[in-house]
Amino acid sequence: MHAHYGAGGDGGGSRRAAPPKGDAGLYFLGALHELVAIGLHRPALDALCAGQRDIAEPPIDRAYLIKILDEEISRQFGHPLRPLIELVLNAADAARAPQPLVDVAVVDGRVDVSDTGAGMGLRAILSRLLIPFATDKRPGIDLGRFGVGFFSVLGLGLSDPEGFSLHLTTGDGIEGWAIRVVAWPSLGDAGGVTELAPDEPERARGRASPELTAALMCSVRRIAPLLGTRVRVTSSLLEAGAVRAYLRDALHFFPASRALVLLDGAAVNDGRLISGGRLVEERIAPAPAAGADDPPAASGPRPAAASGPPAEEARARPAEGRDGGLIARFHVGGRGLLPSISAATFHAGVKVEACLALAELALIDFPAAVELTEGRDALKVGPAFTAAATAFYRRLIQIAAESGEGRRTRDRLAEMAAQISALMLQSAGWDEVALDLARALLGPERCMVNPERREALLGFLGPSVADRLFVPESFWAEREWQPHLPGERELLEDELEFDPPETLAALARRRGDLAGLPLLTARAVSPHTTMVALCRGRPQAGAGAAARRAPGALPSPDAPARRPAGPLPCLGTRRLLLIRDDSAAVRRPAGWSDRYALRAAFDRASGVREADLERDLIVGEPVDGAACAALRPGERTSGGDP
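What follows concerns the overall build of the protein chain. The number of helices and strands found in the protein chain is 23 helices and 24 strands. Here the protein chain holds 642 residues, and the buried ones make up 50% of them. Taking the contacts inside the protein chain whose residues are at least 6 apart along the sequence as the reference set, 70% of them involve residues at least 24 apart. Surface summary for the protein chain: the accessible area is close to 28,900 Å², and the carbon and sulfur share equals 55%.

Moving on, we get to the state of the cysteines. Within the structure shown, the criterion is met by 0 disulfides. C570 forms no disulfide, and the closest cysteine sulfur to it belongs to C535, at a distance of 9.3 Å.

Time to look at the packing of aromatic side chains. One pass over the full model with this rule turns up 9 aromatic pairs. Ring geometry for F330 versus F392: centroids 5.3 Å apart, planes at 70°, classification edge-to-face. On the criterion of sequence distance, the pair formed by F330 in strand β14 (residues 326–336) and F392 in helix α12 (residues 383–403) is long-range, its members being 62 residues apart. Between F475 and W476, the aromatic rings sit 5.2 Å apart at their centres with planes inclined by 70°, giving edge-to-face as the arrangement. Looking at F475, the relative accessible area reads 53%, which means it is exposed.

Turning our eyes to something else, we now look at the pattern of salt bridges. For the structure on display, the rule yields 29 salt bridges. Between D264 and R244 there is a salt bridge, with its nearest N and O atoms 2.7 Å apart. Of this pair, D264 sits in the loop between β9 (260–263) and β10 (266–267) while R244 sits in helix α10 (residues 240–251), and the two are 20 residues apart along the sequence. A relative accessible area of 40% places D264 in the partly exposed class. Residue classification places R244 among the partly exposed positions, given a relative accessible area of 23%. A cluster of three or more residues bridged by salt bridges with shared partners is formed by D499, R511, D513, R536 and D581.

One finds V104, L154, L166 and L247 to be the most contacted residues of the largest nonpolar core, which totals 76 residues. If one sorts the elements of this core by residue count, helix α4 (residues 82–94) sits on top with 7 residues. Among all residues touching L166, those that are not within four sequence positions of it are F150, V153, L154, I179, R180, V181, V231, R232 and V233. Within the second largest apolar cluster, 49 residues are counted, among which are C355, A384, A417 and M424.

This part takes up unusual backbone geometry. At D264, a position not held by glycine, the phi torsion is positive, near 55°. We note that S427 has phi near 65°; this positive angle belongs to a residue other than glycine. Here S427 lies in the loop between α13 (407–423) and α14 (430–442).

A separate point is helix α17 (residues 488–495). Helical periodicity: at 3.6 residues per turn, an α-helix aligns residues three or four positions apart in one direction. Along α17, the positions that sit buried rather than exposed are E488, L491, L492 and E495. Seen end-on, α17 carries its buried residues on one side only, within an arc spanning 95°.

In this section: α4. Along its 13 residues, α4 runs 19 Å from first to last C-alpha, staying within 8% of the 18 Å computed at 1.5 Å per residue. By the burial criterion, the buried members of α4 are R82, P83, L84, I85, E86, L87, V88, L89, A91, A92, D93 and A94.

The next point concerns the pairing of strand β22 (residues 531–537). For β22, a buried count of 6 out of 7 residues is recorded, marking the element as mostly surrounded by other parts of the structure. Note: strand β20 (residues 496–498) against β22, 3 bridges, orientation antiparallel. Pairing of L496 across the sheet is with G537, part of β22. Here strand β21 (residues 502–503) pairs with β22 via 2 bridges, running antiparallel. In the strand pairing of β22, T503 is matched with M531. Pairing between β22 and strand β24 (residues 577–580): 4 bridges, direction parallel. Bridge pairing in β24 places A533 opposite L578.

Rules behind the numbers
The residue numbering used here restarts from 1 in each chain and proceeds along that chain's sequence as written. Local features in this predicted model are restricted to residues whose pLDDT is 70 or higher, and side-chain atom pairs enter the listing and the counts only when it is 80 or higher, whereas totals over whole chains, interfaces and linings include all residues. Hydrogens and waters are ignored; side-chain quantities use all the structure's heavy atoms. What counts as a helix is a DSSP run of H or I of at least four residues, what counts as a strand is a run of E of at least two, and both are numbered from the N terminus. Buried residues are those whose accessible area, probed at 1.4 Å on protein chains only, stays under 20% of the maximum for their type, while exposed residues exceed 50% and partly exposed ones sit between those limits. Two residues form a contact once any of their heavy atoms are found within 4.5 Å. Values of accessible area rely on a 1.4 Å probe in the Shrake-Rupley scheme; residue burial ignores everything except the protein chains shown. In plain terms, two cysteine sulfur atoms within 2.5 Å form what is called a disulfide here. Geometry of aromatic contacts follows a simple scheme: Phe, Tyr and Trp rings, the Trp one being its six-membered ring, pair when their centres are within 6.5 Å, and the pair is stacked under 30 degrees between planes, edge-to-face over 60, tilted otherwise. Just to be clear on terms, a salt bridge is a Lys or Arg side-chain nitrogen sitting within 4 Å of an Asp or Glu carboxyl oxygen. The set of buried Ala, Val, Leu, Ile, Met, Phe, Trp, Tyr and Cys residues whose side-chain atoms join them within 4.5 Å is what this entry labels a nonpolar core. Directions are taken from the helix axis to each C-beta atom, and the arc is the one they span. Given the number of residues in a helix, its expected span is that number minus one, multiplied by 1.5 Å. In this description, strands pair whenever DSSP reports at least two bridges between them.

Have a look at this one:
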C-alpha cells in the first residue's frame, strides 16, 4: 500500500510533506480539510481507497471549505462538554447487540469512548464520518441526526490547541483503521511532521478560528482488522471530576434498552442514580407523517427502579418509531442521588435544558422523532414535541388523582407543571391542557394572587378566603397560570358587593353613620380626588338574592349571614381604594386597635412604603392617646385587645 501526502498549510496543494520512512500503512498525512476535500470528490475518494499513491487534487474551493468546517467545529453546542455525549450517541447507534454496551473511561485530560458494534471501513470514514451532514442515521430510530458529532469534538482543539489530540481506531471486522487529528504539527504527531518553532505555540493561541481549523492535521493509517470503534480525546480542558459529573447528569436517564453506558466500569443509566418517584412510559399519538388521525394509546405506569438494572422486557423493547408510534418516558417526583443531577428535559436520554428552579426531579425522555434545532442541543417545537408535552401534563393529572394527596401536594404539582412548561417545554401544549390541570389540581374556585398581595387580601377578606387563594412560588408559574386562572379582581367580585365609586370626601358626607370615615379623610392627602368604593361581604352560599341591598342602606337585622370582614378595613387596587362598611373599625371605631387598623390599612392602600409607614407609627404622633386614656379599666376595643 502507498501513502498519499496531502497539501500543506497554504491551501493551494503545492507543498507535500516528506513521506516517513518505513510506514507502508500510511494512507494520508496532511491538513484535515484536504482529507475532507478528497471525501467530497468521488475520483479522489476511489483512488485513495484503492491505495493509489498519486491522487489528483480535488477541484474544491479550499477557503470556502475551511469556512464551512470552521462553522461546524466551533458552533455546535452550548455546553463545552456536549461533544462527548455525541461520541456516546454514535457508539450507541453503532452497537447492534441485544444489550449494547458503551464503555467510557475518564482520567484527567483524557476521555475514551468504546463500543463493540459495527465499525467503519475506509470508504465509510471518508464519505460519512469526515463529511459534515453526510450521515447515514435512520430518522426515528438512530439517535444521531446531522452527522456532525465527530466535528463537534474537534472544537476542543480550537479552545486548547496545544494539548488537544483525537485518536480514533475503528474496523468493520474486515479492515482496521486509525485516524489521528492534532491541532497543529508538532514532533511525533501526525506521523512525524516537523517540530514547531519555539514561538509557534504562542502564535497558535492568537490565531483566528478559521486559521486554527486550517491548521488541524490528520493522519490515516491501516492497522490490523478489528470490530468496533474507540475514540480517545485528549485535552487539558477535560478535568476528570467535571467530566464524570456532566456525563452522569446527561446520561443517567438514557434508555438502557438503547445501550448500557459504563462510566469507568460502573453503569450510569441502570436506575441507580434516580431515587423515588414514578417512572412511566407513554405511547403517544404517531407523528403526523405516520397518521395523525390514529388515536393515542397510553401504557400504564410502572414504578421507578431505585437500584439495579431495568426490567428485561424494557431492554428487549423494539426501538420507537419502527411500528409508527411514539414512546415517551417520564420520571416524576423523585430525587437525584447525586447533587450534580438536576431536573431536566431529555431527548433520547440526553439532557437538553436544566431546570434548576425545580426541587423535584422531573425527567422527560422525548421520542427520537422530535426534531432538533439548528443549534443541535435544543428541541424544536412541533407535533411530536407537543404530543409528548401534553401526555406529560395529563400524566400529572393521573398521578394526582391516584395519590389522593391533599391540597398542598396538588398545589405543588400545579406549581411544578407550570415551571416545567415555561422553563423546559417552551409552553408547548400548555394552553390545550391548562384548564384540565386547573380543575384536577386546583379545584373549580381557586384564584391566583401575587405573593405580595396574599396577606393584604387575607386581612381584607378574612381568613375564610384562604382556601380560595393559589399563590405561585415563582415568576414562571405565575406567567403560565395567569391566562388560565381567575385573579384578584375576580376574587373580589365573587366575595364582595360594591357601591359605585366616589371621592372620599363625598363618601364621608354621604355616610355620616360610618364613624371611621372622618379619620380616613383626615389622613388622606387629597380627599377630594381620592377615589374610593364602599363594599361588604356577599351572602354565604345558599343565602339567596334577598341579601342584596341598595347602596347606602343599613343592613337589615334579619339579613342572611355574610362572610365576616377581616381585620384590615381598607385595600388598595389599581383603580381605587376599597373600604368595607361591614368592618367594625369603619362603622364605630371603639379604641386604639381600630384606629391603628384604619391608619395602617389606609396608608398601605394609598401606596405608602412599608418602611415609611412603620417609621411613622413608631416616631410619629400617638394614634389616639385621649381615646385610650378614656377607656375604663377592663374595657376592650372591638378588636378584642385590652
